[in-house]
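Listed below are the residues making up each chain.
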Amino acid sequence: MALFSTGSIRRVLTVLVCLAVLPALLIIIFSGFELRRTAIENAKREVLLLVRTMGEVQKGITRSTRQIFSTLGKMQEVHDMDEQACNELFRAIVADNPIFISIAAVDATGEMFAASLPFERVNLADRRHVSEALTHRDFAAGEYIRTRIGTEHHSMAFAYPVLDEAGQVRLVLVAALRLENFAQLFDLADLNPDSFVAVTDRNGIRLFFHPAREATNPIGEPIAGVAWEQVQGAPAPGLSVHTGSDGMRRIFGYQPVRLYDDHPPYAYLWAGVPESDVLQPANQILLRNLVLMVLVAALALVIANLAGGRALLKPIRRLVGATQAIAGGDLDARAGEGPAPDELRTLGRTFDEMAAALVENQEQLNTIADYTYDWEYWIGPDGRPLWVSPSCERITGYTAAEFMADPSLFERIVHTEDQAAFTAHHSQEEDIGCSGRIDFRIVHRSGRVVWIDHHCLGLKTAVGKVLGRRVSNRDITDRKQIEQALRVSETQFRSLVEGAPVAIFVQTDFNFVYVNAAGLKLFGAETQDLLIGTPVPDRVHPDFRALSRERMVHLNERKSAVPRVEQIYLRLDGTQVPVEVSSVPITFQGRDGGLAFVQDISQRRQMETRLQQAQKMEAIGALAGGIAHDFNNILFPIIGLSELLLEDLPRGSLERENVAEIHTAARRAGDLVNQILSFSRQAEHKRIPLRMQQVLKEVGKLVRATIPSNIVIEQSIQADCGPVLADPTNIHQIAMNLVTNAFHAVEEKGGTIAIGLRQTTLALEDVAGTHLTAGPHALFSVWDTGCGIPADVIPRIFDPYFTTKAQGKGTGLGLAVVYGIVREHGGDVRVYSEMNRGTIFKVYLPILPREAEADAGAAPAPLPTGTERILLVDDEAPIVRLETQMLERLGYRVTARTSSVEALAAFQADPAGFDLLISDMAMPNMTGEQLAQQVAAIRPDIPVILCTGFSEQMTVRTAQPEPLRGFLMKPLVRGELAKEVRRLLDDVQAGAGHPRVP
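Computed from a predicted structure; not experimentally measured.

Caption draft 1: Up close: the packing of helix 23 (residues 877-889) against helix 26 (residues 974-990). With their axes 11 Å apart at the nearest point, helix 23 and helix 26 run at an angle of 60° to one another. Regarding the angle of helix 23 to helix 26, the classification is oblique. Crossing geometry of helix 23 relative to helix 26 is assigned as right-handed. Residues Met886, Leu887 and Arg889 of helix 23 form the contact with helix 26, whose own contacting residues are Arg974, Leu977 and Val981.

In structure tokens:
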């Protein structure tokens, strides 16, 4: 339509005439192309007919050759492989059939023995036609070759196998075709100069080309690649239009030739006709019709310009003059009415009405522009302002007249820090003439800073003429202040959330949209991309998934808070983590969702479990302590009386030996009580020089009685292994824990547990990286043939509460206790394990120096005696009687009481009548400690010994410095009692008075 809206009237008339003749022109062109298409189709049919005809001729040649070979194969001379007779026979056939270059015969190995031409002995087994005839025992066609018989020729050969009576190949008849004779066979006399026929073998090698063109289409060379790609393997005759090897575009027809219908083609026959020759008649007809059409169009143009110019041009020129006057600023100019066609008179009248309306609209637009809220202005193409809205004074403090008079004022009021950005933006707008936007600051006439949202739009006419730029500036100072406050608030909020120690995430539509750093750590994600956009329920354990979804529905849809709840979340690797979740509704990025605070309560759960375990252990310990206290009271008379009997009975007597056994058994029972007290943490561990052999033998006897007989227990105890400084109870506990672990390892399938002890010497390299010291050590080992410990578990086996055993099999404390005891004794524990082969624990404890060992084995010294007066208090009468006998046998004078109240009364009656107070701790009405305090209030210098089998509060460190001077654990041993009594009495006499642990 641009042709009718621009240009002169004459041009429009010309276009109209051209449009009028356009249909006829299209018909002529369409007819010409139809003629061309028809000519192409006819040529294709002719080419296809030609190649099919050539194919029939070629099939005739093939049949004729096969017939000749078949006849020859039946002749006796050929069967006898008579060279002379075969030569003459072959020459006669070639003379009668000029299509053949030569005929030859080869034996079953390919050696030629007869030919129509003189020859030298040559082997033809490498020829394809000979090889296929020998292999398939059938008539075979070859490919392009150069003959080896006589003069070298381009040829294609056939081979025919002659079989003997057993069906085996006796000889092969070979015939080479004379390719140049194809021109006579195909009757090619009527071919156009640039047309051709050709024959190629099965590999696309050119065998024949007529007329001959050795420069562009040589015999024995491959044909054009585009032609071979299309014909290769084609099952039937076909057509192709392409450019040949000589650069000429032709219509090609091709015909595959086969020996048999189910065999692949052994040759292709070609015929080609130049496309230009085919189209030449149609092109001549089209050209003639186009010339006639041009002549008719020229005549129509002349008539249109002569007839239409006078009626149209004059009134149109009048209308154009009025239009130009208005454009020049004369808004009063009008077209008026004059002689013209009705349509042009109507156009002139309408133009005059439009001019009047334009003047009215201009006045209205000026009024609207002058009252805009934003600061607007229009910059012309030359960069000078054409109009500025009066609102500029409210925003900048400068009037529109000032901006119109001084265009540089626009840039001068820009804030100095924004000058560079504004200048770059302004330059870019001038270069590209398109819209742009920028925020910057200006300085008001009053000096205050005003933020401006600056929009600039390039103005162009419909034809692309640049009219300048329309600029709109809005005061956004308030918005900038709000944005700054929001940025500060957001920064503070993000800092708080990102740095929060608890996991925080936001979900909308049940999907993660934000996760803080602690949340990423909780879920095991390296980046937020692994969580953002994924469903929150996927990270909740299936048992809690329904509850979690219900809570999110409350948050997202009902916008109501949900109570705190404990759940189990799933990390990305599938591991579970117990959490405590609290959530509140939130609107995030315009969508309703929930803000969740997630606390990992794994440690809290562990602490709760440990607290429960500790409470159980405390209850068991309290019970064990009570039992031990009562058992001590039972053991004390047995031990004490047996000690007294050992003094009274003669050495070597049977009675004394029996009493000694009673005493030994009672002491072992006392050791058992000490173990119970150690378990309940109501006894102190005493390290003494200890030979571990006896402890380990006792452990062996104990475990043998409790472990099933299908488990073999072996012991290898070195009798002369040196002593260690250790608590016997602790060593017993270590051995029992390790043997128990070994039993659990072999419990299911049976096996062997080996307990060993030997002395070894550790060199410096053996103790490197450990806290052990070089020198002699006792090596205690427990080995089993059980299931073994996984390599990734070994580093954790000594952690408290860590266990791999089934529920009820263990608390996870056994190895932790072993490790703690060994380290306290200055030793080390080492473990080696192989899966399904077993585990060995080795405990290294330092051997005591020989002088300490000698002291430990020294004969006991005689018990100390005395004559002082002792006030003895215990609520158990048998214990009072026994302790009285012990003390009196040592020479002391004893006053015994079974009540602390009575004892206090006796002391009050005669404070100076006693040199020492011995009292049980757990006394009714008044404890031993209270009695000691009452006595000290009366006589501060009297020494006191407190006895107990059940008090973890009462130690020497917590006792008062005066008068508490001594402390003995039940059951009392006569030797310890004698030593402690003598020590305190001697200290009082010497004035020391400092308590110590016996």
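Caption draft 2: Highlighting the sheet that holds strand 6 (residues 196-201). Strand order across the open sheet formed by five strands is 7-6-10-9-8, with antiparallel pairing between neighbours. Taken across any chain shown, the strands that pair with only one partner, and hence form the sheet edges, are strand 7 (206-210) and strand 8 (238-243). Between one strand axis and the next, the sheet turns by 20° as a mean value, whatever way the strands run. Pairing between strand 6 and strand 10 (residues 267-274): six bridges, direction antiparallel. Within strand 10, the residue paired with Ala198 across the bridge is Trp270.

Caption draft 3: Fine view of the pairing of strand 4 (residues 154-163). When you tally the buried positions in strand 4, you get eight out of 10 residues, the bulk of the element. Across five bridges, strand 3 (residues 140-146) lies against strand 4 in antiparallel orientation. By the bridge assignment, Ala141 is partnered in strand 4 with Phe158. Note: strand 4 against strand 5 (residues 169-177), seven bridges, orientation antiparallel. Each bridged residue has a counterpart across the sheet, and for Val162 the counterpart in strand 5 is Leu171. Between strand 4 and strand 5, which follow one another and run antiparallel, lie five residues, and Gly167 among them has a positive phi close to 85°.

Caption draft 4: Up close: the confidence of the model for the chain. Averaged over every residue, the pLDDT of the chain is 81; the share at 70 or more is 85%. A low-confidence stretch, residues 854-858 (pLDDT under 50), is modelled with one contact involving residues beyond four sequence positions or located in other chains. Below a pLDDT of 50 lies the segment residues 951-963, which in the model reaches 26 contacts outside its immediate sequence neighbourhood of four places, other chains included.

Caption draft 5: Region of interest: the nonpolar core. In terms of nonpolar packing, the biggest core is built from 64 residues, with Phe69, Leu173 and Trp270 touching the most fellow members. Considering every element that reaches this core, the biggest residue donor is helix 2 (residues 9-73), with 11 residues. Beyond its immediate stretch of four places on either side in the chain, Leu173 contacts Phe69, Leu72, Gly73, Val78, Phe90, Ala104, Ala105, Phe158, Ala159, Tyr160 and Val162. Formed by 39 residues, the second largest nonpolar core is a distinct cluster that contains Ile734, Ala735, Leu738 and Leu815.

Caption draft 6: Quick peek at the pattern of salt bridges. Tallied over the entire structure, the rule returns 36 salt bridges. Here Arg128 and Glu132 are joined by a salt bridge, their closest N and O atoms 3.1 Å apart. Here the residue Arg128 and the residue Glu132 both occupy positions in helix 5 (residues 128-136), the gap between them amounting to four residues, near one helical turn. Under the relative-accessibility criterion, Arg128 is labelled partly exposed at 32%. One continuous salt-bridge network, built from bridges that share partners, spans Arg437, Asp439, Asp453, Arg479 and Lys480.

Caption draft 7: Region of interest: the packing of aromatic side chains. Throughout the structure, instances matching the rule amount to 22 aromatic pairs. Between Trp228 and Tyr268 the ring centres are 5.6 Å apart and the planes differ by 90°, which places this aromatic pair in the edge-to-face class. Here Trp228 is found in helix 7 (residues 225-231), whereas its partner Tyr268 is found in strand 10, with 40 residues between them in sequence. Among the residues examined, Trp228 registers a relative accessible area of 15% and is labelled buried. On the numbers, 6.2 Å between centres and 75° between planes, the contact of Tyr398 with Phe403 is edge-to-face. Neither Tyr398 nor Phe403 differs from the other in exposure class; each is buried. Members of the aromatic cluster, joined through ring pairs, are Phe69, Phe139, Phe158, Tyr160 and Tyr266.

Caption draft 8: Representation of the sheet that holds strand 24 (residues 751-762). Ordered by their spatial adjacency, five strands build an open sheet running 22-24-25-27-26, and the pairing between neighbours is mixed. A single partner strand is all that each edge strand has here, and the edge strands are strand 22 (711-717) and strand 26 (828-834). Looking at each pair of strands side by side, their axes are set apart by 15° on average, direction ignored. As paired elements, strand 22 and strand 24 share seven bridges and run parallel to each other. Pairing of Ile711 across the sheet is with Gly751, part of strand 24. Against the sheet, helix 19 (residues 692-706) touches strand 22, strand 24, strand 25 (775-784) and strand 27 (838-846), its axis set at about 170° to strand 22. Of the strands in this sheet, strand 22, strand 24, strand 25 and strand 27 are in contact with helix 20 (residues 728-746), which crosses strand 25 at around 30°.

Caption draft 9: Highlighting the packing of helix 19 against helix 20. Relative orientation of the contacting elements helix 19 and helix 20 amounts to 40°, with a least axis distance of 10 Å. Here helix 19 is positioned oblique relative to helix 20, judged by the angle of their axes. Helix 19 and helix 20 meet at a crossing whose hand is right-handed. Taking contact as the criterion, the partners of Met692, Val695, Leu696, Val699, Leu702 and Val703 in helix 19 are, on helix 20, Pro728, Ile731, His732, Ala735, Met736 and Val739. Counted by class, the contact of helix 19 with helix 20 contains 11 nonpolar, one polar and no charged residues.

Caption draft 10: Summary view of helix 24 (residues 900-909). Within helix 24, the full set of buried residues consists of Ser900, Ala903, Leu904, Ala906 and Phe907. One face of helix 24 carries all of its buried residues, which in axial projection span an arc of 160°. Where helix 24 begins, the side chain of Ser899 points an oxygen toward the backbone nitrogen of Val901, at a separation of 3.3 Å.

Caption draft 11: View of unusual backbone geometry. Phi angles above zero are rare outside glycine, and Met81 is one such case at about 55°. Inspection of the secondary structure puts Met81 in the loop between helix 3 (76-79) and helix 4 (83-96). Notably, Asn836 is not glycine yet its phi reads approximately 65°, a positive angle. Structurally, Asn836 is set in the loop between strand 26 and strand 27. Taking relative accessible area as the criterion, Asn836 reaches 66% and is therefore assigned exposed.

Caption draft 12: How the structure looks around the environment of Val449. Among the secondary structure elements, Val449 is positioned in strand 14 (residues 449-460). Classification of Val449 by relative accessible area gives partly exposed; the value is 39%. C-alpha of Val449 to C-alpha of Ile413: the two residues are 36 residues apart in sequence and 9.9 Å apart in space. When neighbours within four sequence positions are excluded, Val449 is seen to be in contact with His415, Arg441, Ile442 and Thr477.

Caption draft 13: Spotlight on a nonpolar patch on the surface. Nonpolar side chains collect at one region of the surface, where Leu16, Leu19, Leu22 and Leu26 lie side by side and expose about 340 Å² of accessible area between them. Here Leu19 is to be found in helix 2. For Leu19, a relative accessible area of 43% puts it in the partly exposed group.

Thresholds applied
- Residues numbered from 1 in each chain as written.
- Predicted model: local features only at pLDDT ≥ 70, side-chain atom pairs only at ≥ 80, totals over all residues.
- Heavy atoms only, no water.
- Axes fitted to C-alpha atoms, helices over the stretch in contact; angles between N-to-C directions.
- Helix = DSSP H or I, 4+ residues; strand = E, 2+ residues; numbered from the N terminus.
- Parallel < 35°, antiparallel > 145°, perpendicular 65-115°, else oblique.
- Left-handed = near helix turned anticlockwise from the far one by under 90°.
- Contact = heavy atoms within 4.5 Å.
- Pairing = 2+ DSSP bridges.
- Buried < 20%, exposed > 50% of the residue type's maximum accessible area, 1.4 Å probe, protein only.
- pLDDT = per-residue confidence, 0-100.
- Core = buried A, V, L, I, M, F, W, Y, C linked by side-chain atoms within 4.5 Å.
- Salt bridge = Lys/Arg side-chain N within 4 Å of Asp/Glu carboxyl O.
- Phe/Tyr/Trp six-rings, centres within 6.5 Å; stacked < 30°, edge-to-face > 60°.
- Nonpolar A, V, L, I, M, F, W, Y, C, P; charged D, E, K, R; others polar.
- Arc of directions from axis to C-beta.
- Polar contact = N/O pair within 3.5 Å; in protein donor to acceptor, adjacent residues only side chain to side chain.
- Patch = residues over 30% accessible without salt bridge, like charges linked within 9 Å, V, L, I, M, F, W, Y side chains within 5 Å.
- Areas by Shrake-Rupley, 256 points an atom, 1.4 Å probe, with all protein chains shown as cover.

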